[in-house]
Amino acid sequence: MISTFEELPDIDAANVVRCARVLLRRPLLRADGPDGDLLPMIYRQRAPLQDVFSGLLGYRLVVERRFARLYKSGPGEDAGRGVESLSPRGYAYFALTLAALTGIGRQVLLSRLVSDVRAAAAEAEIEVADDPADRRALTAALRHLVALGVITETEGSVTAESAAEALITIDTDMLGQLVAGPLAEANDPQQLVELASAAGPRRIEHAVRRKLIEDPVVLYADLPPEQASWLREHVINESRLLERFFGLVGEARAEGVVVCDPEDYLTDLAFPGPGTVARIALLALPELLDRGEPDSAGRHPVSWQDFADVCQDLVDSYPSAWSRQATEDHQNLVRSVIDLLGRLVLLRESDGSWLLSPAAHRWLPQPDATPAQQQRESEPPAPEPPGWSLFDEMEEAQR
């Protein structure tokens, strides 16, 4: 399928898979950032990597000596993929900052940049309030640009203090590679989102494969009919491709496909996890799955009241097991559990309630052994008859 990959020696092919995994996790990779030590290898293997991403996923890959940029599809209507430090207001400031940076040059004072960002907001008819919450949102957007390597704090630092000053250096090459959507083709923000999340040249094939790569659970019921039909027909071959080119393991089930990373490198949200919210979410799953009959796709309907009751039962039953800060506001605890399960793609909203994915059955508790087995294991072994030899049975068979 990928001619340049097929011609590689085994060692080089393994390196391409390793580089592909790094680019999936860090689509904007720079030499001085996390995993930046692999950039020279990515540069050497750029031809097969570009073929793998374009052929299998319809993604464009740009590789320079200082950075590599994988243009992945946007999340579209999926709100579960994003930067946790950025609120909706923070994302608005992030976009406004990009607009302001395009006409500034290579260096600018922080105060000038903030002034230009607020001017851009006024031009876009976005209300700006110079209060602590607003300054935190703008600071979060600027800090994210620092983390991406687009801007550098040459003197001073970016803080939420309005009186603080700093000299900012802009990496114009990185800035030009940041926006994934085709700005020239979009007439408004909604169209830009739609174009950025559109399927690749091989529409159904690329659309389904992108879902398998990006989402841990893909249910047939959640796909358009033509995509669901294609995946059912090609599920075995797709599982092989995922493992061969990206080191992922696909598990086909009646309801859909679960994709796992044995090394957990591409796992951005581990579950089960530490903390009160994660542990309550895990322990709530068995009871929630028993609350209602599953639909034809194996999804269990649950309501807010179901979540509230189950969470309250767990808090009351094990009061010393939880963080007091996490459980003192019960409504906030329920919202946090719902949000976590949603980000894990185990829960989706439907007409004011929620549908719990059949993949939630993976975390149901299983006994280590049946009582009979445990009893037999606990009993001491019967003593061997006197004079019994390991070879007696063999000798009897030879007679």
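One structure accompanies this document, and this report is about it. Per chain, residue numbering runs from 1 following the sequence as it is written. Two thresholds apply to this predicted model, a pLDDT of at least 70 for residue-level local features and 80 or more for giving and counting side-chain atom pairs, whereas whole-chain, interface and lining totals are computed over all residues. Side-chain figures throughout are based on the complete set of non-hydrogen atoms in the structure, without hydrogens or water.

Considerations on the overall build of the protein chain
- Secondary structure counts use DSSP, requiring at least four H or I residues in a row for a helix and at least two E residues in a row for a strand, with both numbered from the N terminus. Counting its secondary structure elements, the protein chain contains 17 helices and twelve strands.
- Among the 399 residues that make up the protein chain, the fraction classed as buried is 41%.
- For the protein chain, contacts bridging at least 24 residues in sequence account for 62% of all contacts bridging at least 6.
- A total of about 22,700 Å² of accessible surface is found on the protein chain, and carbon and sulfur atoms cover 50% of it. Exposed residues in this analysis have more than 50% of their type's maximum accessible area, buried residues have under 20%, and partly exposed residues fall in between, with area computed by a 1.4 Å probe over protein chains only. Pairs of residues are marked as contacts when any of their non-hydrogen atoms sit within 4.5 Å. Exposure was quantified through the Shrake-Rupley algorithm and a 1.4 Å probe, taking into account, for residues, occlusion by the shown protein chains and nothing else.

Brief notes about the packing of aromatic side chains
- For Phe, Tyr and Trp, where Trp contributes only its six-membered ring, two rings pair if their centres lie within 6.5 Å, and the inter-plane angle classes them as stacked under 30 degrees, edge-to-face over 60, or tilted in between. Under the criterion given, the structure shown has four aromatic pairs.
- With centroids separated by 4.8 Å and ring planes inclined at 50°, the aromatic side chains of Phe-5 and Phe-245 adopt a geometry described as tilted. Placement of Phe-5 in helix H1 (residues 3–6) and of Phe-245 in helix H11 (residues 225–246) is noted, with a sequence separation of 240 residues between them. As far as the burial class goes, Phe-5 and Phe-245 line up, both buried.
- Residue placement shows Arg-232 over the ring face of Tyr-220; its charged tip is 4.1 Å from the ring centre. Think of it as a cone above the ring: NZ of Lys or CZ of Arg counts as a charge over the ring if it is within 6 Å of the ring centre and within 35 degrees of the ring normal.

A short note on the environment of Phe-53
- With respect to the helices, strands and loops of the structure, Phe-53 is situated in helix H4 (residues 46–57).
- Judged by relative accessible area, which is 0%, Phe-53 ranks as buried.
- In this structure, the C-alpha to C-alpha distance between Phe-53 and Tyr-71, residues 18 residues apart in sequence, is 9.6 Å.
- With residues near it in sequence (within four places) discarded, Phe-53 still touches Ala-20, Leu-23, Leu-24, Gly-58, Tyr-59, Leu-61, Leu-70 and Phe-246.

A look at unusual backbone geometry
- The omega angle of the peptide bond from Phe-271 to Pro-272 is -5°, so this bond is cis rather than trans.
- Relative to the elements of secondary structure, Pro-272 occurs in the loop between strand E9 (256–260) and helix H12 (276–289).
- Even without glycine at this site, Glu-125 takes up a positive phi of about 60°.
- With respect to the element layout, Glu-125 can be found in the loop between helix H6 (110–123) and helix H7 (132–148).
- The phi dihedral of Asp-264 is positive, around 60°, even though this residue is not glycine.
- Within the secondary structure, Asp-264 sits in the loop between E9 and H12.

Structural notes on the layout of surface pockets
- Taken as a whole, the second largest pocket encloses approximately 230 Å³ of empty space.
- Along its surface, the second largest pocket is lined by 13 residues, and Gly-58, Tyr-71, Ala-180, Leu-195 and Ala-196 are the ones closest to its centre.
- Along the lines of polarity and charge, the residues of the lining of the second largest pocket split into eight nonpolar, two polar and three charged. Of the two site types, the cavity is a set of points on a 1 Å grid over the protein atoms alone where a 1.4 Å probe fits but cannot get out, and the pocket is an open set with protein on both sides within 12 Å along at least five of seven lines, each lined by residues with an atom within 4 Å of a point. Grid points are joined across faces, edges and corners, and a volume is the space filled by probe spheres set on the points. Note that Gly is not counted as nonpolar here; it falls among the polar residues with everything else outside the nonpolar set of Ala, Val, Leu, Ile, Met, Phe, Trp, Tyr, Cys and Pro and the charged set of Asp, Glu, Lys and Arg.

Points about the sheet that holds strand E11 (residues 347–350)
- Two strands pair under a simple rule: DSSP has to find at least two bridges between them. Read from one edge to the other, the open sheet built from three strands follows the order E10-E12-E11, with strand pairing classed as antiparallel. The sheet terminates laterally at strand E10 (300–302) and E11, the two strands that pair on one side only. Averaged over all neighbouring strand pairs, the angle between strand axes comes to 35°, with direction disregarded. Axis geometry follows a simple rule: fit a line to the C-alpha atoms, using only the stretch in contact for helices, then measure angles between N-to-C directions, giving values from 0 to 180 degrees.

Some thoughts on the nonpolar core
- The biggest cluster of nonpolar side chains holds 45 residues, and the ones touching the most others in it are Phe-5, Leu-49, Phe-53 and Phe-246.
- Going through the elements one at a time, helix H2 (10–25), helix H3 (39–44), H4, strand E2 (60–63), strand E3 (67–71), helix H10 (203–214), H11 and E9 are the ones with two or more residues in this core.
- Sequence-distant contacts of Phe-246, defined by excluding residues within four places in its chain, comprise Val-17, Ala-20, Arg-21, Leu-24, Val-52, Phe-53, Leu-56, Leu-57, Ile-213 and Leu-241.
- Counting 34 residues, the second-largest nonpolar core is a separate cluster that includes Leu-98, Val-117, Ala-141 and Val-150. For our purposes a nonpolar core is just a set of buried Ala, Val, Leu, Ile, Met, Phe, Trp, Tyr and Cys residues, chained together by side-chain atoms within 4.5 Å.

A look at the pattern of salt bridges
- Any Lys or Arg side-chain nitrogen found within 4 Å of a carboxyl oxygen on Asp or Glu counts as a salt bridge. Using the criterion set out here, one finds 23 salt bridges in the structure.
- Arg-244 is the salt-bridge partner of Glu-6, the closest N and O atoms lying 2.8 Å from each other. Note that Glu-6 is positioned in helix H1 and Arg-244 in helix H11, a separation of 238 residues in sequence.
- The salt bridge involving Glu-205 is made with Arg-209; its shortest N-O contact spans 2.9 Å. Of this pair, Glu-205 and Arg-209 both sit in helix H10, four residues apart, which is roughly one turn of the helix. There is no split in this pair, since Glu-205 and Arg-209 are both buried.
- A single network of salt bridges, built from pairs that share partners, joins Arg-202, Glu-205, Arg-209 and Glu-238.

Concerning the packing of H2 against H4
- It is the contact of H2 with H4, at a shortest axis distance of 10 Å, that shows an interaxial angle of 60°. Viewed along their axes, H2 and H4 adopt a mutual orientation that is oblique. Note on packing geometry: the crossing formed by H2 with H4 is right-handed. Residues Val-16, Cys-19, Ala-20, Leu-23 and Leu-24 of H2 form the contact with H4, whose own contacting residues are Pro-48, Leu-49, Val-52 and Phe-53.
- Classifying every residue of the contact of H2 with H4 by side-chain character gives nine nonpolar, no polar and no charged. Under this scheme an angle from 65 to 115 degrees is roughly perpendicular, one under 35 degrees roughly parallel, and one over 145 degrees roughly antiparallel; angles in between are oblique. The sense of a crossing depends on the near helix, which, turned anticlockwise from the far helix by less than a right angle, makes the crossing left-handed and, turned clockwise, makes it right-handed.

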